[in-house]
Amino acid sequence: TLNDPIIQTKRKIEIINNGSGINIYNDTQPIVKEYNNKPVVLLHNGNIKIASKLKTIIDYDNNVSDSDVLLQYIIYLLENVCKNNIIEAIKKVITTIDGAYSVVLFYNESMYLFRDSLGMRPLTIGKHKKYDSYCVCTESAVFVKIDYEFEQEVDAGEIIQVNNQITSYGTY
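Residues numbered from 1 in each chain as written. Predicted model: local features only at pLDDT ≥ 70, side-chain atom pairs only at ≥ 80, totals over all residues. Heavy atoms only, no water.

**Student:** Lay out the side chain of serine 110 in plain terms, naming residues and giving numbers.
**Tutor:** Structurally, serine 110 can be placed in strand β4 (residues 110-115). On the accessibility criterion, serine 110 (8% relative accessible area) is buried. In this structure the side chain of serine 110 is engaged in a polar contact, spanning 2.8 Å, whose partner is the side chain of glutamine 161. Beyond its immediate chain neighbours, meaning those up to four positions away, serine 110 contacts Leu105, Gln161, Val162 and Asn163. (Helix = DSSP H or I, 4+ residues; strand = E, 2+ residues; numbered from the N terminus. Buried < 20%, exposed > 50% of the residue type's maximum accessible area, 1.4 Å probe, protein only. Polar contact = N/O pair within 3.5 Å; in protein donor to acceptor, adjacent residues only side chain to side chain. Contact = heavy atoms within 4.5 Å.)

**Student:** Any chance you could break down the nonpolar core for me, citing the residues and the numbers?
**Tutor:** Counting residues in each nonpolar core, the largest one holds 31 residues, and the members touching the most others are Ile74, Ile86, Ile90, Val93, Tyr101, Leu105 and Phe114. Contributions of two or more residues to this core are made by β1 (31-35), β2 (38-49), α3 (66-80), α4 (86-96), β3 (98-107) and β4. The element contributing the most residues to this core is α3, with eight residues. Discounting chain neighbours no more than four positions away, the residues touching valine 93 are Leu70, Tyr73, Ile74, Leu77, Tyr101 and Phe114. With ten residues, the next largest nonpolar core counts Val104, Leu113, Ile125 and Val162 among its residues. (Core = buried A, V, L, I, M, F, W, Y, C linked by side-chain atoms within 4.5 Å.)

**Student:** Tell me about the environment of alanine 89, and please be specific about residues and values.
**Tutor:** Turning to its location among the elements, alanine 89 is positioned in helix α4. Classification of alanine 89 by relative accessible area gives buried; the value is 0%. Apart from the residues within four sequence positions on either side, alanine 89 is in contact with Ile74, Leu77, Leu78 and Cys82.

**Student:** Hey, could you go over the sheet that holds strand β7 (residues 149-153) for me, with residue numbers and the actual values?
**Tutor:** Spatially, β6-β5-β7 is the arrangement adopted by the three strands of the open sheet, whose pairing is antiparallel. In the strand order of this sheet, the two ends are held by β6 (133-137) and β7, each with one partner. This sheet shows a mean twist of 30° between the axes of neighbouring strands, independent of strand direction. Where strand β5 (residues 124-128) and β6 come together, five bridges link them in antiparallel fashion. If you follow histidine 128 over to β6, its bridge partner there is serine 133. (Pairing = 2+ DSSP bridges. Axes fitted to C-alpha atoms, helices over the stretch in contact; angles between N-to-C directions.)

That is the geometry; function is a separate question.
Below, the structure written as structure tokens:
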């Protein structure tokens, strides 16, 4: 139904994406799943090398996207390995999944940003000083056009949490 929190979350992301010029109708993102009765939303840029070991851990169809497999793996880690600790789950992704990727993950009222350990795909954070809001882009040149100021780049292998402030959990 339209009152479902997963659908409402996905519609909010679609509105944001439409405002930024991304054509979400030609893309399968954002990927939205439920964990602990809360939506988990993933946006992914890049390619991951899905190790054959993932096939034995999570059940996925070979036709699903890298983004879908990545989110399934994060939820698997939260449920079975990291005891509901999202930072530990993201660390595990960075240290076990090879590829060139940057990821934006929304969970539990926070936005989490991370990149592959080699930093092959860029990810930057901008801040709107008047409205005290954040924007995440792959290229910082966008910020000037939408009245945001460059705040920082997400480093290779770094995990950042964004809510009222930016918190780095280090690089892995």
